[in-house]
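# Observations on the model geometry
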There are 2 protein chains.
Amino acid sequence: MIIGFIGFGKVSQNLARLIDSEDIEFVTSAENRSDETIEKINSSNVRILDTFEDVACKADILVSAASPKAALDIARQYGKSANGIYLDLNNISPDTTSEISKCVDNLVDGAIIGKIDSENPILYVSGKKADELLFLNDFIKTIKVSDNIGDASALKLLRSTYTKTLSALLIESRQIARDNGLEDEFFDILALTEGDDFKEKSISRIENTLNNSKRKSEELEEIIAYFNESDLTMVKAALKKLNR
Amino acid sequence: MIIGFIGFGKVSQNLARLIDSEDIEFVTSAENRSDETIEKINSSNVRILDTFEDVACKADILVSAASPKAALDIARQYGKSANGIYLDLNNISPDTTSEISKCVDNLVDGAIIGKIDSENPILYVSGKKADELLFLNDFIKTIKVSDNIGDASALKLLRSTYTKTLSALLIESRQIARDNGLEDEFFDILALTEGDDFKEKSISRIENTLNNSKRKSEELEEIIAYFNESDLTMVKAALKKLNR
């Protein structure tokens with residue numbers, strides 16, 4: 001079996017490392033790639049083909065993992081050449097997934113939960129062809145959400161809805177506690193019901209959000225745009241909070 | 001030592017049960033009490049005095065545990081007669097605690113976290129005299145917050161700020177997941193990072209909040225009134241959410 005990568009960033013690099021099997025060959029192309037990327041390809045177990053067109057034609061599974069912005073262009077350019085499964089891992093919104101499905105035949109919607117280079121990343125997949133990727137469970141935990149294209153990306157967005165709004169709540173309540181000189185006590189008292197790691201986890205979430213507040217705001221905007229038929233009182237407040 | 005109770009509801013009943021010591025005698029009064037309460041007093045290990053005035057005079061520790069609304073009246077009526085420590089456990093706002101401190105000499109501000117009849121309730125206390133209650137640790141976990149009257153009740157309010165706003169967030173994100181046909185998957189995916197009991201705990205919080213939404217709204221209003229110098233974007237959104 002041949003797995004082809006379009007884009008050779010963290011996701012592709014780590015998949016090539018995790019999927020460690022004699023029966024699987026990895027391919028990608030150096031076409032228009034930066035020196036840095038080519039170096040990374042050379043130091044991995046991935047064979048280089050002349051063009052991405054070749055990669056798309058040869059791969060049994062074509063993995064598109066470049067960036068959210070590039071996802072649709074890649075699908076338009078190589079989707080029709082892909083003979084096998086086309087797995088999108090660009091961390092895109094369900095709307096983009098739906099656009100992509102128009103120019104790709106055997107699309108599988110994929111979303112990685114947890115950092116790909118963490119100990120236990122999980123690959124969520126949806127779409128009628130998703131079953132054919134469950135063999136990946138031998139290498140990375142792989143869960144099929146449903147037959148519906150868009151469900152894997154919607155699920156990732158749902159997760160973000162909760163975690164990003166929670167971060168905004170943590171930022172606010174920690175500040176109220178500080179304003180009242182009770183920050184340590186606030187974390188201690190909540191640890192009783194929220195778990196011993198409440199403080200550590202909360203501070204990590206707060207700092208991660210404050211240090212990336214522009215990107216987090218954009219993600220919240222995307223959530224608000226996509227789930228616009230639901231009541232989003234809390235999510236909208238979180239966006240307001242981050243923009244303060 | 002004599003511990004006197006003004007009010008003999010759940011809190012007093014359970015304290016009398018938990019504080020199991022040969023050296024401690026409990027007293028209260030049946031003055032103007034309902035038949036039901038008198039029955040409860042009779043079936044406990046608490047001696048009945050003629051009046052609450054007697055209770056206040058005789059007690060080394062006078063526990064006021066009636067209701068938030070009655071707290072200030074009780075303090076005005078019996079505060080000056082209390083010769084020992086006056087422990088307020090009426091679940092009041094720090095503002096009321098501060099009012100009470102004007103008519104009580106040896107006030108200790110107390111807040112019980114967790115249900116008093118649960119396995120591990122914790123008594124938080126603050127005030128200069130709070131040290132004198134730390135012997136209660138033999139019977140119920142007792143933590144001194146600080147020397148400041150109001151800090152124990154502020155801490156309880158801070159805890160509520162977080163937990164009640166979190167419940168509003170859970171109500172909203174569960175509904176978005178439902179609207180997208182991904183409720184089970186939503187809980188599953190969050191359990192990966194939030195802990196195995198995420199679903200059970202979240203549903204319990206959601207139901208508890210929805211079933212008591214009027215009271216929860218009032219508590220959020222109290223939080224907003226008390227912490228009015230902090231930014232309360234998330235808390236105000238939670239109130240709006242519950243009032244929908």
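Residues numbered from 1 in each chain as written. Chains lettered and ligands numbered in written order. Predicted model: local features only at pLDDT ≥ 70, side-chain atom pairs only at ≥ 80, totals over all residues. Heavy atoms only, no water.

### Focus: the interface of chain B and chain A
For clarity, the threshold we go by: Pairs of residues are marked as contacts when any of their non-hydrogen atoms sit within 4.5 Å. Once two parts are brought into contact, the accessible area they lose, counted with a 1.4 Å probe and summed over both, makes up the buried area. Every case where a carboxyl oxygen of Asp or Glu lies within 4 Å of a side-chain nitrogen of Lys or Arg is listed as a salt bridge. Put simply, DSSP H or I for four residues or longer makes a helix, DSSP E for two residues or longer makes a strand, and each gets a number counted from the N terminus. Each residue is assigned to one class: nonpolar for Ala, Val, Leu, Ile, Met, Phe, Trp, Tyr, Cys and Pro, charged for Asp, Glu, Lys and Arg, and polar for all the others, Gly among them.
Each partner contributes to the interface: chain B provides 47 residues, whereas chain A provides 47 residues. Here chain B and chain A share an interface that buries about 4300 Å² over both sides, 68% of which is from carbon and sulfur atoms. Contact with chain A buries surface across chain B, with B:Tyr162, B:Ile189 and B:Met234 losing the most and accounting together for 18% of the total. At the boundary of chain B with chain A, the tally comes to 6 salt bridges. A salt bridge links B:Arg244 to A:Asp231; its shortest N-O distance comes to 3.5 Å. Secondary structure elements with two or more residues in the side of chain B that touches chain A: strand S7 (122-126), helix H6 (151-179), helix H7 (183-194), helix H8 (198-211) and helix H10 (233-243) of chain B. In terms of residues, the side of chain B that touches chain A owes the most to one element, H6(B), which gives 18 residues. Split into classes, the residues belonging to the side of chain B that touches chain A amount to 27 nonpolar, 8 polar and 12 charged.

### Here we look at the packing of aromatic side chains
Basically, it comes down to this: Between the rings of Phe, Tyr and Trp (Trp by its six-membered ring), a pair exists once the centres lie within 6.5 Å; its type follows the angle of the planes, with under 30 degrees stacked, over 60 edge-to-face, and the other angles tilted. Think of it in three bands: residues with accessible area under 20% of the maximum for their type are buried, residues over 50% are exposed, and the middle band is partly exposed, with areas taken using a 1.4 Å probe on protein chains only.
One pass over the structure, following the stated rule, counts 16 aromatic pairs over all chains. Here the aromatic rings of A:Phe198 and B:Tyr162 are separated by 5.4 Å at their centres, their planes lie at 75°, and the arrangement is edge-to-face. With A:Phe198 in helix H8 (residues 198-211) and B:Tyr162 in helix H6, the pair connects residues from two separate chains. Across the pair, B:Tyr162 and A:Phe198 agree in class, each one buried.

### Describing the relation of the copies chain B and chain A
We apply this condition: Here the copies were fitted onto each other by least squares, based on C-alpha atoms from residues at pLDDT of at least 70 in both.
Structural alignment of chain B on chain A gives an RMSD of 0.0 Å, achieved by rotating through 180° and translating 0.0 Å along the axis. Expressed as a symmetry operation, the mapping of one chain copy onto the other fits a two-fold axis. No C-alpha of chain B lies nearer the rotation axis than that of B:Ala237, which sits 3.1 Å from it. The residues that chain B uses at the interface reappear at the interface of chain A in 100% of cases, marking a shared surface.

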